[in-house]
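Summary of structural features
Residues per chain, in single letters:
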Amino acid sequence: MHSFKDLTTAFSSRFNTSHFPKHPQSLYAANDYFLGLGGKRIRPVMCLMGNELFDEIHADAWHVATAIELFHNFTLIHDDIMDAAPLRRGLETVHHKYGSNTALLAGDVMLVAAYEYINKISNNYLKSIINIFSKTSKEVCEGQQLDMDFEKLPTVSLDDYLKMIELKTSVLLAASLQMGAIIGGAGEGNCNHLYGFGKNLGIAFQIQDDYLDAFGDPEKFGKAAGGDIKQNKKTFLLIHALETATADQKEELNNLLNKDAANKVQRVLKIFHDCNADEWAKELKQQYFDKALHHLNEIAVLSARKKPLMEIADFLIQRDY
């Protein structure tokens, strides 16, 4: 069994090659540039871990993992366009560097390349993998649309927000594990439990991300506290505060959301504290983490084989950056 760190190193070594032709250079240079920005590679490595949970890593798992990473980068290129983001990982976004039209095409061809890698795998499970990959791709797009829709709404319910996070973030993590398990020869029951593990872990991961944006140490988290607050993003914390605040707190919170006051972050954070949103978020994260562990425990393999997945799960929800 390999650790997450070892598999990340191995995958990065394989992935860091050109996946595109040289011409037209005006298009493919944008793809090479974006992939060169790097990334955590969590999703493709989860595919490899899903395979190794049941059997030695098969060559097809590397193809699917590559497809997953290309798909993820396709979504990031398009997300940056929709968010009008000038920077990603501290460097220019594709649309900022090459223009929006080229960025759209670069994202599109990234998705096509992902399917080309899927088509390299064995016919024994090609149909199952394509079905999961396509279903997940559609769900991620649905989640992104819901996220944009929420920006226009004055309030969003916790259930609606959870559904959006499930689609936008969790399903790709879950499907990565499931596709790896299929290649590893897992049965339907084990595949379903592994999917449940990934889905609930993904929600816990997002709750932790929302929490760190508000309450994390800026030096460890890598960006100033309160970025979501400044952008009026509807996060777990904001939704809970709006649902539990007193009339006066809610009035102040809505006033702050409609302004750009110099002390906006500090005042919103105080309301979050007063509404106990920080402790509530920790409890909610633990609930989803416990659900994830339940599914992992139900998978019918030796506990020792589950250790790498347990270690990465612990890291993802306990991280402070």
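Just above, that's the structure.
This report concerns the structure included in the present document. The structure displayed is predicted, hence computed values, not measured ones.

Parameters at a glance
- Residues numbered from 1 in each chain as written.
- Predicted model: local features only at pLDDT ≥ 70, side-chain atom pairs only at ≥ 80, totals over all residues.
- Heavy atoms only, no water.
- Helix = DSSP H or I, 4+ residues; strand = E, 2+ residues; numbered from the N terminus.
- Rg over C-alpha atoms; globule rule 2.2 N^0.38 Å.
- Buried < 20%, exposed > 50% of the residue type's maximum accessible area, 1.4 Å probe, protein only.
- Contact = heavy atoms within 4.5 Å.
- Areas by Shrake-Rupley, 256 points an atom, 1.4 Å probe, with all protein chains shown as cover.
- Lys, Arg positive; Asp, Glu negative; His and termini not counted.
- Charge placed at Lys NZ, Arg CZ, Asp CG, Glu CD.
- Expected span 1.5 Å × (residues − 1).
- Bend = angle between axes of the 7 residues up to and from the residue.
- Axes fitted to C-alpha atoms, helices over the stretch in contact; angles between N-to-C directions.
- Parallel < 35°, antiparallel > 145°, perpendicular 65-115°, else oblique.
- Nonpolar A, V, L, I, M, F, W, Y, C, P; charged D, E, K, R; others polar.

1. Considering the overall build of the protein chain
Helices and strands together make up the secondary structure of the protein chain, namely 16 helices and 2 strands. Taken against the 2.2 N^0.38 rule, which gives 20 Å for 321 residues, the C-alpha radius of gyration of the protein chain at 20 Å falls within 12% of a compact globule. Considering only C-alpha atoms, the protein chain reaches an extent of 60 × 50 × 35 Å along its principal axes. Across the 321 residues of the protein chain, 54% fall into the buried class. Within the protein chain, contacts between residues at least 6 apart in sequence are counted, and of these 74% link residues at least 24 apart. When the accessible area of the protein chain is evaluated, it comes to approximately 15,200 Å², of which 50% is carbon and sulfur surface. Computing the positive centroid from 34 side-chain charges and the negative centroid from 42, the protein chain places the two 3 Å apart.

2. A few points about helix H8 (residues 158-183)
Here H8 contains 26 residues, and its C-alpha end-to-end distance of 36 Å stays within 8% of the 38 Å for a straight helix at 1.5 Å per residue. For H8, the principal kink sits at Ser170 and spans about 50°. Where burial is concerned, most of H8 is hidden: 22 out of the 26 residues are buried. Looking at the residues trailing H8, positive phi occurs at Gly185, about 90°.

3. Some words on the packing of helix H9 (residues 188-215) against helix H16 (residues 303-318)
Contact geometry for H9 and H16: axes closest at 8 Å, N-to-C directions at 25°. Regarding the angle of H9 to H16, the classification is roughly parallel. Residues Leu194, Phe197, Leu201, Ala204, Phe205 and Gln208 of H9 form the contact with H16, whose participating residues are Leu309, Ala313, Leu316, Ile317 and Gln318. Looking at the contact of H9 with H16, its residues break down into 9 nonpolar, 2 polar and no charged.

4. Brief notes about the side chain of Asn51
Structurally, Asn51 is set in helix H3 (residues 42-52). Residue classification places Asn51 among the buried residues on the basis of a relative accessible area of 0%. If we skip the residues at most four places from it in the chain, Asn51 touches Glu56, Ile57, His58, Ala61, Gly180, Ala181, Ile183 and Gly184.

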